[in-house]
Amino acid sequence: MNYIPNAEGDVKEMLGAIGIGTGDMEELFRIIPPALRPLSFNLPPGSSEFDVEKYLRGLGRKNLTELVYFIGGGFYDHYIPAALDAIVSRSEFYTAYTPYQPEASQGTLQAIYEYQSCICRLTGMEAANASLYDGGTALYEAAMMAIRITGRNKIIMDGGVNPIYRKMMYSYTSNLSIDFSEIPVSHGQSDRGMIDEYLDDSTAAVILQNPNFFGAIDDHSDISEKCHKAGALVIESVYPVSLGLLKTPGEMDADIAVGEGQSLGMPLSFGGPYLGFMAARKKFVRKMPGRIAGATTDGKGRVGYVLTLQTREQHIRREKATSNICSNQALCALRALVYMSLIGKQGFVELARICRDKAEYAGQKLGKIKGVEVKRSAPTFNEFTLKLPGSADKVIGKLLDKGIVAGFPLGRYYADMEDYLLVAVTEKRTEREITMFADALEEALWS
Amino acid sequence: MIPQDLKYTKEHEWVRVEDGEAVVGITEYAQSELGDITFVELPEKGKRIEQSENMATVESVKAASEVYSPVSGEVIEVNEALTDAPGEMNRSSYDKGWICRLRVDDAGGIESLMDAAAYENYLKELKQ
Amino acid sequence: MELIFRRSGPGKEGVRLPARDCPPAGAIDPRYTRTEAAELPGLSEPEVVRHFTRLSRMNFGVDSHFYPLGSCTMKYNPKFLEKIANLECFASLHPLQPQLVKGATLTQGALEVINGLERALCEISGMDEFTTHPMAGAHGELTGVMLIAAYHKSKGERRKYILIPDSGHGTNPASAAIAGYEVRSITTDENGVMDIAEFEKALDREAAGVMLTCPNTLGIFNPRIKEIADMAHEAGALMYYDGANLNAIMGKARPGDLGFDIVHLNIHKTFGTPHGGGGPGAGPVGVKEYLAPFLPVSRVIKGTDGAFALDYDRPFSIGYIAPFYGNFAVLLKAYVYILLLGGEGLRRVSEHAVLNANYLKSRLEHHYDIPYAENCMHEFVISAARQAERGVHAIDIAKALIDRGIHPPTVYFPLNVKEAIMIEPTETESRETLDRFIDVMIELAGLAEKDPAAFREFPKTAPVGRLDEVKAARDMDLCA
């Protein structure tokens, strides 16, 4: 048991070969003095698969999961095709390590190259890396990258950037001298006037998000133009499914695009593993964090793939590396690639349309409820803000009792928004569920 | 062969000084230690660089090495050709593989550098 | 193999999407839309499956090949772990759910998993509190260094350096640097451990912390570790334990008892979760009680009624280092692994990991140089210096192994050993596999003597021969 193949007989002989005639395994550890031995090591005895499964299914039942999700906030309940799990369950993929030996890892390496290509095509950017941990760390890495490229240390962040990511940004940089400014959104979109006011020749980057946390979509091209005039970079954080329809970071002339790739085939899994993606202008690629695969040839001219530009990375550059990242989210990047391949070019456009159509439909339904207002100062994709006649928390509580997660209460991160609810609709929500939601909301408010 | 008309540093940079200007590169020994050079991060034109200050980075597949300026001065020209053809530093380290040209200060610090004979001895010591 | 984009054709349809059972919405103002659809692959499902199945066959994995990659602990990944992580009752949970009113009551099972894992990791490592948030080992290191900074700040100090031995993983200095510290590198002594005299010299009142791997990357356990910790503490510096090599000492020693203040554990190395071709892993961080207030938000807490809740009100916390609770599915797998093996099982893991490594070492020492041969634990480093004199370098031996169906060990690391080949067999390999590896390594040592030129052609059996990395770096062909 314990996945150890060597039986007692083997162990004796092996110990003998080492020169331990007593057959006592403890001899292998004689370098550890008695005083340094564990003060305690009280763990329960091992169990069978059957018993562990019983216990964990019991825990699983304490999670309420038969819910209808209208919650997003950057993390969405999309359908995952069955073929995706079948492909990534191939142990040649998931039991491999980082492809340091390219000839023994062409499967992983070509997949990374194809993934990088898909991310570039989706975002309209020129060069992508092999993945980062999640959308938040990707945004932080992008900010650090902009600081390296420009040699400046001021960052302007749009208030529509996911508030969790903004908190992460502050945590990571709290020991560095970086000057942050946050610009609250104005009428749903980025506040041009205020960004302009803060933008100066010490600004490394302006960080924007599209759609923003409130669900509003924008065209940031004009901000890019101003930033570039000031010598600053534009970092655009995007929701990949929305790029089936929306203007790309590339089309908005952004310098670095990042985002959370969870919606590309990752289950919600209580927060991870997810996928941070990053793409940028090619001229910045040497300042990029993380692994990058590149195409090359062997002695016979056959095309193959390797990890390249490794001098940026920690195992070579040590304290001068562009980032400390080593393990990334490779299998999640593979998931994203397979997801995009299975949904396909036309399917991806259609997916975005269905999400938006259903969201618009839900917005119309919910907006008809007395006292409920859908914020429409800017167009939205599949997520929108509802103003309620009272506390969002109260409504959420009542709807949870009916198995509906109504949305995310914006008051959690924005002062004076206790009555606002952020509602997301994906392709998985049916007309019936939307109607049920509207009815339940009306009942919660008025009966 | 080590060119006789150049001066050298212990970090294996060479410099040719003529009429108040200095051309800087890395030596044959340095390029052979690095292996195939894949990228050179050139200094910025117009930048002032002090002697022994990091002026460029030379990268191979598995290493990145700093290049330290043998003299103090202002960068007046960089070898843009290296951007597309970094291999020139391998093929022609003393000629086409030059990194940049500096306008040297009076106190350029050239006196402190090794001449060809001294550098040759230094290499012999290293090899032992 | 042909790229997936080249297999794509117009009009091909992939997976059918859920029905649009509502009226279509009006078009979006074109100033907000992309001009052309992204050129994603366009294939049928069977073609996608075949493409990736063929790609997968071009990989070595633990299930198909011996994979003695030093410092990476490529052990067998129990299939049961995957089964549990895929259970709907965990996989479908939205991470924002516990932030809703009543939300925590709806995710009790998941919070109990996190709490249970934290408790188990505390007992295994001898620490008092754990955070599961860091998403990889290096992410744990960064979190740990941020904790060191927060600790000194709370004392009104701002220290400047992190001390790291030159045998340390590259992530150590990189993590210290991005958290705002300078690095002092300490050399290795003739016994293969950090030079204690040099350490003492570098350890002044500006030293914020010391980052160590124990056993270190040479596989050597430093019996003076406690002494080092005492010296560091005397100088006001904290001790950080890089848990990459914990697989060697479970049940035999605990970082917490050795004097470490902060540890990260590599879940994907020690606790049986797969490496996924480079990730995702998880790098939970454990601390001694006095550092607990600085841990990242949120914290899972257990109420007096036995119910779990999330605490965000942590005034001394370093803040958010992850959006939620870490790579939850990976953490769940590790918890399952610990439950399956139990304390006795984990102890046996380390015993067999160390046995297998020492067995390999004893059988190879006559054929290869082993610069630091004493006191190796779960891994050891041989040097191909002898073979290199014949023109056969570590990389050549690595490529020859590929042809013989073995994934190469880690090569050229640690940096303080010339022509390093770092071998970590793990406990899940049988003696037959080890014997075969030994035979192959001895064969290659012989071949290096007799016919060094033969190595230039390896690998011959892989889908590609040796790839031109110079060309890759110069051409920068990074996407199609």
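These numbers come from a predicted model, not from an experiment.

About the cut-offs
- Residues numbered from 1 in each chain as written.
- Chains lettered and ligands numbered in written order.
- Predicted model: local features only at pLDDT ≥ 70, side-chain atom pairs only at ≥ 80, totals over all residues.
- Heavy atoms only, no water.
- Helix = DSSP H or I, 4+ residues; strand = E, 2+ residues; numbered from the N terminus.
- Buried < 20%, exposed > 50% of the residue type's maximum accessible area, 1.4 Å probe, protein only.
- Contact = heavy atoms within 4.5 Å.
- Pairing = 2+ DSSP bridges.
- Disulfide = S-S within 2.5 Å.
- Buried area = accessible area lost by both parts, 1.4 Å probe.
- Salt bridge = Lys/Arg side-chain N within 4 Å of Asp/Glu carboxyl O.
- Polar contact = N/O pair within 3.5 Å; in protein donor to acceptor, adjacent residues only side chain to side chain.
- Domains from an automatic or database assignment.
- Nonpolar A, V, L, I, M, F, W, Y, C, P; charged D, E, K, R; others polar.
- Core = buried A, V, L, I, M, F, W, Y, C linked by side-chain atoms within 4.5 Å.
- Arc of directions from axis to C-beta.
- Axes fitted to C-alpha atoms, helices over the stretch in contact; angles between N-to-C directions.

1. Some thoughts on the overall build of chain A
Working step 1: In terms of regular secondary structure, chain A is built from 13 helices and 15 strands.
Working step 2: Considered along the principal axes of its C-alpha atoms, chain A spans approximately 85 × 55 × 50 Å.
Working step 3: The 447 residues of chain A split such that 67% are buried.
Working step 4: Considering only residue pairs separated by 6 or more positions, chain A has 72% of its internal contacts joining residues 24 or more positions apart.

2. So, the sheet that holds strand S2 (residues 13-18) of chain B
Residue and element names in this part refer to chain B.
Working step 1: Here six strands make up an open sheet; going across it, the order is S1-S2-S3-S9-S8-S5 and the pairing antiparallel. Only two strands of the sheet have a single neighbouring strand rather than two, namely strand S1 (7-8) and strand S5 (48-49).
Working step 2: Inspection of the sheet shows S2 paired to strand S3 (residues 21-26) by six bridges, in the antiparallel sense. Along S3, the bridge assignment pairs Arg-16 with Val-23.

3. Here's the deal with the state of the cysteines
Working step 1: Here the structure, examined in full by the defined rule, presents zero disulfides over all chains.
Working step 2: No disulfide involves A:Cys118; its sulfur sits 9.4 Å from that of A:Cys120, the nearest cysteine.
Working step 3: Residue class for A:Cys118 comes out buried when judged on its relative accessible area of 0%.
Working step 4: No disulfide involves C:Cys72; its sulfur sits 7.6 Å from the nearest other cysteine sulfur, which is in A:Cys326.

4. Some details on the interface of chain A and chain C
Working step 1: With 189 residues of chain A at the interface, the matching set in chain C holds 203 residues.
Working step 2: Across the interface of chain A and chain C, roughly 17,000 Å² is buried in total on both sides, 63% from carbon and sulfur atoms.
Working step 3: Applying the counting criterion to the chain A and chain C interface returns eleven salt bridges.
Working step 4: A salt bridge links A:Asp10 to C:Arg431, with the shortest nitrogen-to-oxygen separation between them at 4.0 Å.
Working step 5: Run the count over chain A and chain C and you get 99 residue pairs in polar contact (both at pLDDT 80 or more).

5. Digging into the domain arrangement of chain C
All names here are of chain C.
Working step 1: Looking at chain C, the domain boundaries give domain 1 (81-340) and domain 2 (343-462).
Working step 2: Using C-alpha coordinates to define each centre, domain 1 is positioned 30 Å away from domain 2.
Working step 3: The partner domain 2 presents 22 residues to the 28 residues of domain 1 that form the contact.
Working step 4: For the pairing of domain 1 and domain 2, the buried interface totals around 1,800 Å² over both sides, and the portion due to carbon and sulfur atoms is 60%.
Working step 5: At the junction of domain 1 with domain 2, the criterion picks out one salt bridge.
Working step 6: Measuring nitrogen to oxygen at the nearest pair gives 2.7 Å for the salt bridge that ties Glu-351 to Lys-252.
Working step 7: Taken together, domain 1 and domain 2 are joined by nine residue pairs in polar contact (both at pLDDT 80 or more).
Working step 8: Taken together, the residues of the side of domain 1 that touches domain 2 break down into twelve nonpolar, twelve polar and four charged.

6. Concerning the pattern of salt bridges
Working step 1: If you walk through the whole model with that rule in mind, you get 68 salt bridges over all chains.
Working step 2: Where A:Lys428 meets A:Asp77, a salt bridge forms, and the shortest distance between an N and an O atom there is 2.8 Å. Of this pair, A:Lys428 sits in the loop between strand S15 (420-424) and helix H13 (431-446) while A:Asp77 sits in the loop between strand S1 (68-69) and helix H3 (82-88); the two residues are 351 residues apart in sequence, bridging distant segments of the chain.
Working step 3: On the basis of relative accessible area, A:Lys428 is assigned to the partly exposed category, the value being 30%.
Working step 4: Among the residues examined, A:Asp77 registers a relative accessible area of 10% and is labelled buried.
Working step 5: Several salt bridges converge on common partners, so that one network encompasses A:Asp10, A:Glu13, C:Arg363, C:Arg431 and C:Asp435.

7. Digging into helix H14 (residues 394-403) of chain C
All names here are of chain C.
Working step 1: With nine of ten residues buried, H14 is to be regarded as a mostly interior element.
Working step 2: Those residues of H14 that sit buried are Ala-394, Asp-396, Ile-397, Ala-398, Lys-399, Ala-400, Leu-401, Ile-402 and Asp-403.
Working step 3: Where the residues of H14 are buried, they touch helix H13 (385-388), strand S11 (410-411), strand S12 (420-423) and helix H15 (431-450).
Working step 4: Remark: Gly-405 follows H14 within two positions and exhibits a positive phi of approximately 75 degrees.

8. With respect to the nonpolar core
Working step 1: Within the largest apolar cluster, 253 residues are counted, with the highest numbers of intra-cluster contacts made by C:Phe221 and C:Phe271.
Working step 2: At 20 residues, the largest contribution of residues to this core is made by helix H12 (residues 328-364) of chain C.
Working step 3: Apart from the residues within four sequence positions on either side, C:Phe221 is in contact with A:Ile31, A:Ile32, A:Pro33, A:Leu36, C:Cys214, C:Pro215, C:Ile249, C:Ala253, C:Leu258, C:Asn375 and C:Met377.
Working step 4: If you look at the next biggest cluster of nonpolar residues, it comprises 70 residues, including A:Ile112, A:Ile217, A:Val338 and C:Phe52.

9. Brief notes about the pairing of strand S9 (residues 308-311) of chain C
Residue and element names in this part refer to chain C.
Working step 1: Pairing between strand S8 (residues 299-302) and S9: four bridges, direction antiparallel. By the bridge assignment for S9, Arg-299 is matched with Asp-311.
Working step 2: Linking two consecutive strands that pair antiparallel, namely S8 and S9, is a turn of five residues; a positive phi of about 90 degrees is found at Gly-306 within it.

10. Examining the interface of chain A and chain B
Working step 1: At the junction of the two partners, chain A supplies seven residues and chain B supplies eleven residues.
Working step 2: Regarding the contact of chain A and chain B, the summed buried area is about 650 Å², with carbon and sulfur atoms giving 45% of it.
Working step 3: When the area that chain A buries against chain B is broken down by residue, the three leading residues are A:Arg286, A:Thr311 and A:Arg317, summing to 60%.
Working step 4: Inspection of the chain A/chain B interface yields four salt bridges.
Working step 5: Put simply, B:Glu66 and A:Lys320 hold a salt bridge, and the shortest N to O gap is 3.5 Å.

11. Observations concerning the domain arrangement of chain A
Working step 1: One can read the domain layout of chain A as domain 1 (8-43), domain 2 (68-78 + 345-446) and domain 3 (82-339).
Working step 2: The C-alpha-based centres of domain 1 of chain A and domain 3 of chain A are spaced at 47 Å.

12. Looking at helix H9 (residues 225-234) of chain C
Because each turn of an α-helix spans 3.6 residues, side chains separated by three or four positions end up pointing in the same direction.
All names here are of chain C.
Working step 1: Looking only at H9, the buried set comprises Ile-225, Ile-228, Ala-229, Met-231 and Ala-232. All buried residues of H9 lie within an arc of 160 degrees about the axis, which places them on one face of the element.
Working step 2: Here the buried face of H9 lies against helix H8 (196-202), strand S4 (207-213), strand S5 (238-243) and helix H10 (255-258).
Working step 3: Downstream of H9 by a residue or two, Gly-236 has a phi angle that is positive, lying close to 85 degrees.

13. Regarding the sheet that holds S11(C)
Residues and elements named next belong to chain C.
Working step 1: Spatial ordering of the open sheet is given by S10-S12-S11, a layout of three strands whose pairing is antiparallel. Edge strands, defined here as strands with exactly one partner in the open sheet, are strand S10 (380-383) and S11.
Working step 2: Bridging between S10 and S12 involves four bridges; their strand directions are antiparallel. The partner of Phe-380 across the bridge, within S12, is Ile-423.
Working step 3: On top of the sheet, H12 reaches S10 and S12; it is set at about 20 degrees to S10, its chief contact.

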